[in-house]
Amino acid sequence: MNNKKIYLILLTLSLSIISFEIISTRISSVIFVSNYAFLILSLAILGIGLGSIYAHYKIKASEADEIIKLLKKYITALSFSLIAFIMLIILFKITNPFLYFLLQTAPFFIAGIVYSQIYKMYASVGFRLYASDLSGAALGAATSILILNRLGASNGVLFISLLLLIIASYSFPNNFSSSIKYIVNSFMFLFIAFLVIKGDDELLGKIPIGYYPEKDFYYVYPDAANISEIEESRWSINGRSDLVKYKNQDLVKQLFIDGSAGSQMYRFGGDVKSPGSALGRLLVQHSTSIPFLFLDEDEKKSMLVIGPGGGKEILVGLIEGVKEIYGVEVNSDFVQIVKEQKEFNGGIYTDFKNVRIEVDEGRNYIKRTDKKFDLIVMALPSTEQLQNIDNIASNENYLLTVEAIKDYLSRLSQNGKLIFTVHNRWELIRLIVTAIYAFEETGINERDVFNRFIIIGQDYAPTIVIKKTAFSGEEINKIKNTLKKIPNSLPQVTYLPYNWNQLEQSPENRFLSAVYEGIHSIEELIDKDKYDISPVRDDSPFFYKVNRGAPQDLLKLFIAIVLSGLFVVIIPLHNIKRTGKERIDGKKLFYSILLFVCIGTGFMMLEISLFQKLILYLGIPTISLSVLLSSLLIGMGLGSFYSPKIIKSKFYYRLIIVTLFILIYGIAVFIFYPLILDRAVGLNLASRAGIIFMLLLPLAFMLGIPFPAGIHFLKENNFEKYIPWLYGLNGIMSVAGSVLAVIISITFGFTVSFLIGLLFYSVITVSSWKAVRR
């Protein structure tokens, strides 16, 4: 088989695997909550490494004809494993983590076998192979968005499986007659055409939503599973958006993303002056609505709603007479569904000239807009779904950090207010702490900060009002008079400034009183609290991390992966030493092991930490990560393509130069990117993506060199038979690197994670220098 054909096969394989990885991330997010989904996906991707290790021990083919037959066999098996994965999950409604993990791992395991055999057989063109591999991955990162938007998840997996069957049919010789080939190929192309025509009309049925406490789908009503009906579903890179109606009432529908983050859409006739008593009673029962009762007309000129979802806060603003209402919703499917449901919701997104809805990420919009708002409203922001397209999964939320609150305050009018509703009292206290630090960093005295809060405290969905300037005594007296008219059955204000002797003994009031009265400093209370209530920063934006330190499940996963990596290293080394059939340069073999371990771990840590810092400048997390991943892979592909000219002579010297460049340029990028991107934040997405691409290109170019250089090193030292082993080790350590990046980012921040990633490349630099000296 000629090299061009094997490049095409590898490109298609990588396109398919990355597309499946991204699509399976979205499927995992529907079935599981974020932590479960991340663990399962990480272990599944570990299958690539394990498949390579399996190939090292069990596949002994060395002739070209044997390898070609094996490739055809395993690519076909990979295709059928994808079909089995999606069919079994849907038909048998599999939500058991162990069964799901087995089904999801199989395709990655088989792919690991194929990858290892291609790199082993064609090691002499390893640089071009890796360029094809990365090019396919870059295409897959972009293609997966098109597949999800057009076909949905289940049809998308079927599409990928057919693509693999076609490449297996056309690229490898077979013994079928021409008529059978024609029939089979025609069937495959017709089925692909059928999938494209059907779009996201799921042929196999709906992917089940797992039963977890975080899945709001099952907990809207006590018997929600029995009375709910999914009226409409839409797939996109953001996840699956479901519009749900209920048999027990017709006043409210719910919008869910991956079964979580429920957002109400109300039946509304379109008349803001006569909304109806039933609707009014429903709206005022939400704590987010209560602060609107305190507002004068001049405090309701303009309002921004971050994450309006089904439009509840937009509707409240309309009824309360807010003159200009802006909504910023990250999920375009939510916006489209609400617009199409105008007969039900009164056209709140379409028929009111004072309402403007934009599809954007809230924090990014705030950084780019020059508008001033009297009110910025955000209710129950939730990231219990995976927000990432790769195995870069966590609960980041740049909406609730110290820097975010400073950004919001800068976009408020002189007497403007933030109205934030969170899920529970623990989140409320953490938000209070974060807000106090934000004010202090703008030069506001701690005691004065307490005069800028009003709290509606309750166990579920408490609300805090944060005013840009301190409330005056006159304003508080006016609010007290309004409160006397509010029935006790509605959410009650539990904290007002200047009323320390009249506060009820709630957790948040005890916290504020202890600080105000000097009993404890805020730092002492943070240290003493059972849970993590420390202020949240952009460098580690894990607002919903309840417990202190790194999550125990991630630590256990990391230890398990590292132990498996040690096992993978020690056993083959022992076998090599025990058999002693051939003379091996032990130092060069150890150098090879170290090289592939450091590349796998270091690259993933750089990728994850850098991407998480940059998505703040691009916007919508899933789309941003796809843009960033494609940009990085394109640059790495170019680096791999041109690396034969760079690395083939004076191997150690050239690798030292490459890794030193990665170290120096990586630090420079991390230091200077805010200065560049802060100036570009007002540009459109394409322009910002272009600037980031050019910023990443030199780093990506150099990052694309070490791995194929390692394959070249193995070839030059007659270590070809160890390629599947070391390829597998690299895959295992890549997963370890991704898990370690999340652990370090949660505990110390993305900056420390990035620097540790660079440290692994410095190990390559030092070990290469030692090799030169030898």
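Q: Would you mind going over the overall build of the protein chain with me for this structure?
A: Secondary structure summary: the protein chain contains 26 helices and 11 strands in total. Expected size for 774 residues packed as a compact globule is a radius of gyration near 28 Å; at 28 Å, the protein chain falls within 12% of this value. With respect to the three principal axes, the spread of C-alpha positions in the protein chain is 90 × 65 × 40 Å. Here the protein chain holds 774 residues, and the buried ones make up 60% of them.

Q: Explain helix H6 (residues 178-198) here, please?
A: Structurally, the α-helix is built with 3.6 residues per turn, so residues lying three or four positions apart point the same way. The end-to-end C-alpha distance of H6, which contains 21 residues, comes to 30 Å, matching closely the 30 Å that a straight helix rising 1.5 Å per residue would cover. What H6 keeps buried is the set Asn-185, Met-188, Ile-192 and Leu-195. Down the axis, H6 shows its buried residues gathered within 80 degrees of arc, on one side only. Exposed residues on H6 whose side chains face more than 90 degrees from its buried face are Tyr-182, Ile-183, Phe-187, Leu-190 and Ile-197. The inward-facing, buried residues of H6 abut helix H5 (126-171).

Q: When you look at the pattern of salt bridges in this model, what are you seeing that I'm missing?
A: Here the idea is simple: oppositely charged side chains can pair when their charged atoms come close. Taken as a whole and judged by the stated rule, the model has 27 salt bridges. Here Asp-201 ties to Lys-198 by a salt bridge, and the two come within 3.1 Å at their closest N and O atoms. When salt bridges with common partners are traced through the structure, they connect Glu-232, Arg-234 and Glu-340 into a single cluster.

Q: Could you clarify how one ought to interpret the packing of aromatic side chains in this entry?
A: How two aromatic rings sit relative to each other is given by the distance of their centres and the angle of their planes. The full count for this structure, using the stated rule, is 41 aromatic pairs. By the ring-pair criterion, three or more aromatic residues cluster together here, those being Phe-20, Phe-32, Phe-85, Tyr-100, Phe-108 and Tyr-212. Residue placement shows Arg-128 over the ring face of Phe-641; its charged tip is 4.2 Å from the ring centre. Above the face of the Phe-471 ring, Lys-467 is positioned so that its terminal group lies 5.5 Å from the ring centre.

Q: Looking at this structure, I do not really get the sheet that holds strand E5 (residues 302-306). What am I missing?
A: For sheets, the rule is that strands pair by backbone hydrogen bonds, running either parallel or antiparallel. In space, the seven strands of this open sheet follow the order E7-E6-E5-E8-E9-E11-E10, with mixed pairing throughout. The open sheet terminates on both sides in strands that have one partner only, identified here as strand E7 (355-359) and strand E10 (453-456). Each strand of the sheet is rotated relative to its neighbour by a mean of 15 degrees, with strand direction disregarded. As paired strands, strand E9 (residues 412-421) and strand E11 (residues 463-467) are joined by five bridges and run antiparallel to one another. Looking across to E11, one finds that Lys-417 is bridged to Lys-467.

Q: Would you take a moment to explain the packing of helix H22 (residues 651-680) against helix H23 (residues 685-703) for this structure?
A: Packed helix pairs are specified by the crossing angle of their axes together with the interaxial distance, meaning the distance between the axes. Closest axis-to-axis distance for the H22/H23 pair is 9 Å, and the angle between their directions is 170 degrees. Compared by their axis directions, H22 and H23 come out roughly antiparallel. Counting all contacts with H22, which are made through Val-658, Phe-661, Ile-662, Tyr-665, Gly-666, Val-669, Tyr-673, Ile-676, Leu-677 and Ala-680, the residues of H23 involved are Arg-688, Ile-691, Ile-692, Met-694, Leu-695, Pro-698, Leu-699, Met-702 and Leu-703. A per-class count over the contact of H22 with H23 returns 17 nonpolar, one polar and one charged.

Q: When you look at the sheet that holds strand E4 (residues 260-266) in this model, what are you seeing that I'm missing?
A: Pairing is antiparallel in the open sheet, where four strands are placed in the order E1-E2-E3-E4. Taken across any chain shown, the strands that pair with only one partner, and hence form the sheet edges, are strand E1 (228-236) and E4. Averaged over neighbouring strand pairs, the angle between their axes works out to 20 degrees when direction is ignored. Pairing analysis gives eight bridges linking E1 to strand E2 (residues 239-246), with the strands arranged antiparallel. The partner of Glu-229 across the bridge, within E2, is Lys-245. The strands that helix H10 (residues 332-340) touches are E1, E2, strand E3 (249-257) and E4; relative to E1, the one it contacts most, it runs at about 130 degrees.

Q: How do you make sense of the confidence of the model for the protein chain when you look at a structure like this?
A: Parts of the prediction with low pLDDT should not have their coordinates interpreted in detail. The predicted model of the protein chain averages 91 in pLDDT, with 96% of residues at 70 or higher. In this model, residues 383-396 is a region of pLDDT below 50 whose contacts with residues beyond four sequence positions or in other chains number 71 contacts.

Q: Explain helix H14 (residues 425-441) to me, please; I cannot follow it from the model alone.
A: Between its first and last C-alpha, H14 extends 24 Å over 17 residues, near the 24 Å set by a 1.5 Å rise per residue. Regarding H14, its N-cap is Asn-424, as a side-chain oxygen of that residue lies 3.3 Å from the backbone nitrogen of Trp-426 further along. Immediately beyond the C-terminal end of H14, within one or two residues, lies Gly-443, with a positive phi of roughly 95 degrees.

Q: Help me understand unusual backbone geometry in this model?
A: The phi angle of most residues is negative, glycine excepted, and most peptide bonds adopt the trans form. At Ala-261, a position not held by glycine, the phi torsion is positive, near 55 degrees. Secondary-structure assignment places Ala-261 in strand E4. For Tyr-498, which is not glycine, the phi torsion reads 65 degrees and is therefore positive.

Q: Would you mind going over the environment of Phe-701 with me for this structure?
A: Within the secondary structure, Phe-701 sits in helix H23. In this structure Phe-701 comes out as partly exposed when scored by relative accessible area, which is 22%. For the pair Phe-701 and Phe-641, spaced 60 residues apart in sequence, the C-alpha separation works out to 9.5 Å. Here Phe-701 is in contact with Gly-635, Met-636, Leu-638, Gly-639, Tyr-642 and Ile-646, once residues within four sequence places are set aside.

Q: What is the right way to look at the packing of helix H21 (residues 621-647) against H22 in this model?
A: Relative to each other, H21 and H22 sit at 130 degrees, their axes nearing to 10 Å. Here H21 is positioned oblique relative to H22, judged by the angle of their axes. Where H21 abuts H22, its residues Lys-645, Ile-646 and Ile-647 lie against Phe-651, Arg-654, Leu-655 and Val-658. When the residues that make up the contact of H21 with H22 are grouped by side-chain class, the tally is five nonpolar, no polar and two charged.

Q: It is not clear to me how a nonpolar patch on the surface should be interpreted in this structure. Could you clarify?
A: Nonpolar side chains collect at one region of the surface, where Tyr-57, Ile-559, Leu-563, Leu-566, Phe-567, Ile-570 and Ile-571 lie side by side and expose about 670 Å² of accessible area between them. Looking at the nonpolar patch, the element that brings in the most residues is helix H19 (residues 552-579), giving six residues. Tracing the sequence through the fold places Ile-559 in helix H19.

Q: It is not clear to me how the nonpolar core should be interpreted in this structure. Could you clarify?
A: Nonpolar side chains in soluble globular proteins tend to be buried together. By size, the foremost hydrophobic cluster in this structure holds 175 residues, and its most contacted members are Ile-27 and Tyr-119. By size, the runner-up hydrophobic cluster in this structure holds 51 residues, among which are Leu-418, Ile-429, Phe-439 and Ala-514.

Q: It is not clear to me how the environment of Leu-8 should be interpreted in this structure. Could you clarify?
A: Note that Leu-8 resides in helix H1 (residues 3-31). Remark: the alpha-carbon pair of Leu-8 and Ile-167, spanning 159 residues in sequence, is separated by 8.8 Å.

Q: Got a minute to help me understand the pairing of E4 in this structure?
A: In summary, the side chains of a regular strand alternate between the two faces of the sheet. Judged by how many residues are buried, E4 sits mostly within the fold: six of seven residues are covered. Linking E3 to E4, which pair antiparallel, is a turn of two residues; within it Asp-258 sits at a positive phi near 55 degrees.

Q: Whenever I open this one, the side chain of Asp-333 confuses me. Can you help?
A: Note on placement: Asp-333 falls in helix H10. For the buried Asp-333, no salt bridge is present, and the opposite-charge side chain at shortest range is Arg-234, 4.9 Å distant. Among the polar contacts listed, one links the side chain of Asp-333 to the side chain of Ser-236, at a separation of 3.1 Å. With sequence-adjacent residues up to four places away left out, Asp-333 is seen in contact with Arg-234, Trp-235, Ser-236 and Ser-241.

Q: Just to check I follow, could you spell out the environment of Leu-696 for this structure?
A: Locating Leu-696 in the fold gives a position in helix H23. C-alpha separation for the pair Leu-696 and Val-669, spaced 27 residues apart in sequence, amounts to 8.1 Å.

Each value, and the rule that gives it
Residues numbered from 1 in each chain as written. Predicted model: local features only at pLDDT ≥ 70, side-chain atom pairs only at ≥ 80, totals over all residues. Heavy atoms only, no water. Helix = DSSP H or I, 4+ residues; strand = E, 2+ residues; numbered from the N terminus. Rg over C-alpha atoms; globule rule 2.2 N^0.38 Å. Buried < 20%, exposed > 50% of the residue type's maximum accessible area, 1.4 Å probe, protein only. Expected span 1.5 Å × (residues − 1). Arc of directions from axis to C-beta. Contact = heavy atoms within 4.5 Å. Salt bridge = Lys/Arg side-chain N within 4 Å of Asp/Glu carboxyl O. Phe/Tyr/Trp six-rings, centres within 6.5 Å; stacked < 30°, edge-to-face > 60°. Lys NZ or Arg CZ within 6 Å of the ring centre and 35° of its normal. Pairing = 2+ DSSP bridges. Axes fitted to C-alpha atoms, helices over the stretch in contact; angles between N-to-C directions. Parallel < 35°, antiparallel > 145°, perpendicular 65-115°, else oblique. Nonpolar A, V, L, I, M, F, W, Y, C, P; charged D, E, K, R; others polar. pLDDT = per-residue confidence, 0-100. Polar contact = N/O pair within 3.5 Å; in protein donor to acceptor, adjacent residues only side chain to side chain. Patch = residues over 30% accessible without salt bridge, like charges linked within 9 Å, V, L, I, M, F, W, Y side chains within 5 Å. Areas by Shrake-Rupley, 256 points an atom, 1.4 Å probe, with all protein chains shown as cover. Core = buried A, V, L, I, M, F, W, Y, C linked by side-chain atoms within 4.5 Å. Lys, Arg positive; Asp, Glu negative; His and termini not counted.

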